[in-house]
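Single-letter residue listing:
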Amino acid sequence: MIESQATDKRKLILETTLNLITDYGFHATPISLIAQHAGVGAGTIYRYFDNKEHLINELFTAIKKRVIKAMLQDYREEGSYKERFKHLWRNLIQYCIANPKEFQFVEQYRYAPFVSNMTREETFIILGPIMQFFIESKRAKAMKDLPLYTIIALLYGPIVSLAKLHLDHNQQLTEERIDQASEACWDAVSYKSEN
């Protein structure tokens, strides 16, 4: 029971931090404000996290774990590479739209200097199943033989832009538009023989 309470407090601190940082930014969100909004003492936060940077890194990692879980929801390896790709892509954009604070946090802080190299490496490991899919697709000549970071840029950039348009109420992302966009992204990275 004590372990469960500790997990709940840690989760509360992380969620409170997410809400405050996306509303006020990193520098305008001191530990004292997080403690106040979480209803815990600042000392409680320091029991779980060394400092604010450690807290942000842990939040970043926790969000990445949720993202990969969402991407892999109902994923099956039996489909074609295109079907599997579109499934992963659609799950990711739907997650971004359904979780705007997490999406905003990752977009705002993924290149921040206080996100450690260790956190970046850990999130790359978390994304291992997706990377494996890309590698497998390239080997099978279903996907162009591009560096992984190029593939990610070609696929993730449109998700970011479309999710922002949707969340800013400039565009309504219908299922049809999401499907059209996933198809276009597949076209951008799929291997086409020169016949």
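Throughout what follows, the structure given in this document is the object of discussion.

About the thresholds
Along every chain, residues carry numbers that run from 1 in the direction the sequence is written. Local features are withheld for residues below a pLDDT of 70 in this predicted model, meaning they are given only at 70 or higher, and side-chain atom pairs are given and counted only at 80 or more; totals for whole chains, interfaces and linings count all residues. Water and hydrogen atoms play no part in the side-chain values, which are based on all heavy atoms of the structure. By the criteria applied, helices consist of DSSP H or I runs no shorter than four residues and strands consist of E runs no shorter than two, each listed in order from the N terminus. Note on classification: 1.4 Å probe, protein chains only; a residue is buried when its accessible area is under 20% of the maximum for its type, exposed when over 50%, partly exposed between these limits. Throughout, a contact is declared for two residues whenever any of their heavy atoms are within 4.5 Å. Each accessible area is a Shrake-Rupley result for a 1.4 Å probe, and residues are judged covered by the shown protein chains and nothing else. Nine residue types can take part in a nonpolar core, namely buried Ala, Val, Leu, Ile, Met, Phe, Trp, Tyr and Cys, and a core is a set of them joined through side-chain atoms within 4.5 Å. By definition here, a helix of n residues has an expected span of 1.5 Å times n minus one. Between Lys or Arg on one side and Asp or Glu on the other, a salt bridge is scored when a side-chain nitrogen of the former is within 4 Å of a carboxyl oxygen of the latter.

**A closer look at the overall build of the protein chain**
Reasoning step 1: Counting its secondary structure elements, the protein chain contains 10 helices and zero strands.
Reasoning step 2: When the helices and strands of the protein chain are read in sequence order from the N terminus, they spell out α-α-α-α-α-α-α-α-α-α.
Reasoning step 3: When its C-alpha atoms are laid out on the principal axes, the protein chain stretches across 65 × 35 × 35 Å.
Reasoning step 4: For the protein chain, with 195 residues in total, the buried portion stands at 43%.
Reasoning step 5: Nonlocal contacts in the protein chain, meaning residues at least 24 apart in sequence, comprise 68% of its contacts between residues at least 6 apart.
Reasoning step 6: If you sum the accessible surface of the protein chain, you get close to 11,200 Å²; carbon and sulfur atoms cover 53% of it.

**Regarding the nonpolar core**
Reasoning step 1: Counting residues in each nonpolar core, the largest one holds 60 residues, and the members touching the most others are Ile45, Trp89 and Phe105.
Reasoning step 2: Take this core: its biggest share by element is nine residues, from helix H4 (residues 52-71).
Reasoning step 3: Those residues in contact with phenylalanine 105 that sit more than four places away from it in its chain are Leu18, Ile21, Thr22, Ile56, Leu59, Phe60 and Ile63.

**Some remarks on helix H5 (residues 81-98)**
Reasoning step 1: The end-to-end C-alpha distance of H5 is 26 Å, a good match for the 26 Å that 18 residues give at a rise of 1.5 Å each.
Reasoning step 2: For H5, the set of buried residues is Arg84, Phe85, Lys86, Leu88, Trp89, Arg90, Asn91, Leu92, Ile93, Tyr95, Cys96 and Ile97.
Reasoning step 3: Considering only its buried residues, H5 is in contact with H4, helix H6 (100-109), helix H8 (128-139), helix H9 (148-167) and helix H10 (175-189).

**Re the pattern of salt bridges**
Reasoning step 1: Taken as a whole, this structure holds 13 salt bridges when the rule is applied.
Reasoning step 2: Its salt-bridge partner being glutamate 175, residue arginine 90 comes within 2.3 Å of it at the nearest N-O pair. With arginine 90 in helix H5 and glutamate 175 in helix H10, this pair connects stretches of sequence that are 85 residues apart.
Reasoning step 3: Glutamate 107 serves as the salt-bridge partner of arginine 110, at 3.5 Å between the closest nitrogen and oxygen.
Reasoning step 4: Overlapping salt bridges bring together Lys82, Lys86, Arg90, Glu175, Asp179 and Glu183 as one network.

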